[in-house]
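Examination of the molecular architecture
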Amino acid sequence: MVKHLLSMQDLSPKEVEAILDKAAELKQKLRKGEPHELLHGKTLGMIFAKPSTRTRVSFETAMTQLGGHAIYLGMGDLQLGRGETIADTARTLSRYVDAIMARLFGHEDIVELARHSNVPVINGLTNTHHPCQTLGDLLTILEHKGKLRGLKLAWVGDGNNVCNSLLLGCTLVGMNISAACPRGYEPPAEILTQAQKNAKKSGSKIEITNDPNKAVAGADVVYTDVFVSMGQEAEREKRMRDFKGFQVDSKLLARAKKDAIFMHCLPAHRSEEVSPEVIDGPRSVVWDQAENRLHAQKAVLVFLLT
Ligand code: CP
Ligand code: NVA
């Protein structure tokens, strides 16, 4: 059986821990200039149906640093863009590359890709999940807080792909998570059901509310993301109205713990989901987060390919 990373649920708590350990080790090696070409001669195919700065550059750099190679495959470059099926694309790419990373719209499309792939498939974001983001985020929290278990993460905003992966990831590792979303923008029921199952095993607490003040109260980590995700551009006006009162500003952040950190997966829209003084302020760790995508993904690649 080929192992894929389509959602955080594809990893056990022990595997998450092992990936974070490996990421920290590889980060040190890079800092010290020690070679770590663990994927010498390996190739990663990277399919992008949506734009990307962090995911594309961090995966491509990851493969270079690991001694391998990455190929960027935009929709306009692939026959997939003019009607070749996902299944045939998966069968073909599997004959060339050692792993596939894909950023797609519907999550069912990456499931289909993985079903027909003989090599590991890594989710670089779908409408429903963003597991690589969560792994980089857990590494960042661990670095800043020294632990994960028992911490409280407050999500403020849309119950979207990044929120879903955090719900699953936090409850796998024993973190508490409180998500404040406007009515109608809460995370999907099936994600909450799975997160509850994880929480039962790990001892995490989950809270879903429509009140940002309630979610942020006593939090160790305050996290937000854009109100309009890729593919939702037509809903922009309605969303701007519906998300009124959900901006993370200094007043809201003041309700968290004194040493709370602010996180955002980026790209950010200043003065929409976050005020400039928060994202550019002393509590913000967003650049560490962006960097840690590289280290966490190197660990994922090593985990899936060796
Ligand atoms: N956070 C994230 O995935 O960024 P990109 O869209 O730039 O890849
Ligand atoms: N929720 C955002 C995350 C971007 C990294 C989106 O899907 O556009």
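The structure under discussion appears in the preceding block.
Let me begin by describing the structure that accompanies this report. (Residues numbered from 1 in each chain as written. Chains lettered and ligands numbered in written order. Predicted model: local features only at pLDDT ≥ 70, side-chain atom pairs only at ≥ 80, totals over all residues. Heavy atoms only, no water.)

This brings us to the site of ligand 2. If you check the shell around ligand 2, you find L125, N160, N161, V162, D225, V226, S229, M230 and L266 and nothing else. Between ligand 2 and S229 there is a distance of 2.7 Å, counted from a nitrogen atom to a side-chain nitrogen or oxygen. Taking M230, its main chain carries an N or O atom lying 2.8 Å from an oxygen atom of ligand 2. Look at ligand 2: alone it shows 270 Å² of surface, and the protein chains cover 95% of it. Grouping the constituent residues of the shell around ligand 2 by class yields five nonpolar, three polar and one charged. (Near = heavy atom within 4 Å. Polar contact = N/O pair within 3.5 Å; in protein donor to acceptor, adjacent residues only side chain to side chain. Areas by Shrake-Rupley, 256 points an atom, 1.4 Å probe, with all protein chains shown as cover. Nonpolar A, V, L, I, M, F, W, Y, C, P; charged D, E, K, R; others polar.)

This model, assessed by the stated rule, comprises 16 salt bridges. For K238, the salt bridge identified is with D242, shortest N-O distance 2.8 Å. In this pair, K238 and D242 both sit in helix α9 (residues 236-242), four residues apart, roughly one turn of the helix. Under the relative-accessibility criterion, D242 is labelled partly exposed at 26%. One salt-bridge network, held together by shared partners, links D158, E235 and R239. (Salt bridge = Lys/Arg side-chain N within 4 Å of Asp/Glu carboxyl O. Helix = DSSP H or I, 4+ residues; strand = E, 2+ residues; numbered from the N terminus. Buried < 20%, exposed > 50% of the residue type's maximum accessible area, 1.4 Å probe, protein only.)

With that out of the way, let us pick up the site of ligand 1. As a matter of local geometry, ligand 1 sits amid S52, T53, R54, T55, R103, H130, Q133, C265, L266 and R293. One of the side-chain nitrogen or oxygen atoms of T55 is found 2.7 Å away from an oxygen atom of ligand 1. The side chain of Q133 places a nitrogen or oxygen atom 2.9 Å from a nitrogen atom of ligand 1. A total of 260 Å² of accessible area belongs to ligand 1 in isolation, and the protein chains cover 96% of it.

Turning our attention to the sheet that holds strand β7 (residues 206-209). Within the open sheet, the five strands sit side by side as β7-β6-β5-β8-β9. Their pairing is parallel. At either margin of the open sheet sits one strand with a lone partner, and together these are β7 and β9 (261-264). Shown here is a sheet whose adjacent strand axes are inclined to one another by a mean of 20 degrees, direction ignored. Contacts from helix α12 (residues 286-305) reach β8 (221-224) and β9 within the one sheet, and its direction differs from that of β9 by about 50 degrees. (Pairing = 2+ DSSP bridges. Axes fitted to C-alpha atoms, helices over the stretch in contact; angles between N-to-C directions. Contact = heavy atoms within 4.5 Å.)

Glancing now at the nonpolar core. Membership of the largest hydrophobic core comes to 83 residues, with the highest contact counts inside it found for L153 and L301. Setting aside anything within four residues of it in sequence, one finds L301 in contact with L39, L44, F59, A62, M63, L66 and I122. Counting residues in each nonpolar core, the second largest holds 17 residues, with L104, I110, L113 and V121 among its members. (Core = buried A, V, L, I, M, F, W, Y, C linked by side-chain atoms within 4.5 Å.)

If you trace the backbone, R54 turns up in helix α2 (residues 54-65). Each C-alpha atom of the pair R54 and E291 lies 8.6 Å from the other, and the pair is 237 residues apart in sequence.

Relative to the assigned elements, H36 resides in the loop between α1 (13-32) and β1 (43-48). For H36, a relative accessible area of 6% puts it in the buried group. In terms of polar contacts, H36 uses its side chain to reach the side chain of K298, at 2.7 Å. Excluding its chain neighbours within four sequence positions, the residues that come into contact with H36 are L26, K29, L30, Q65, L66 and K298.

The amide bond that connects L266 to the next residue, P267, takes the cis arrangement and shows omega of 5 degrees. Here P267 lies in the loop between β9 and α11 (276-279). Positioned with a positive phi, L125 is a non-glycine residue whose angle comes to about 115 degrees. Assignment of secondary structure puts L125 in the loop between β4 (121-123) and α5 (131-145).

Attention now moves to the environment of G124. Along the chain, G124 turns up in the loop between β4 and α5. With sequence-adjacent residues up to four places away left out, G124 is seen in contact with T55, M101, A102, R103 and H130.

Further remarks concern the packing of aromatic side chains. To describe a pair of aromatic rings, one takes the distance between the centres and the angle between the planes. Inspection of every chain in the model, using the stated rule, returns five aromatic pairs. Measuring from ring centre to ring centre gives 6.4 Å for F243 and F246, while their planes differ by 75 degrees; the resulting arrangement is edge-to-face. With a relative accessible area of 2%, F243 lands in the buried category. Owing to a relative accessible area of 7%, F246 belongs among the buried residues under this scheme. Three or more aromatic residues joined by ring pairs make a cluster, and in this case those are Y185, F227, F243 and F246. Over the face of the ring belonging to F105 we find K50, whose NZ or CZ atom lies 4.7 Å from the ring centre. The aromatic ring of Y72 is capped on one face by R56, whose charged end is 4.1 Å from the ring centroid. (Phe/Tyr/Trp six-rings, centres within 6.5 Å; stacked < 30°, edge-to-face > 60°. Lys NZ or Arg CZ within 6 Å of the ring centre and 35° of its normal.)

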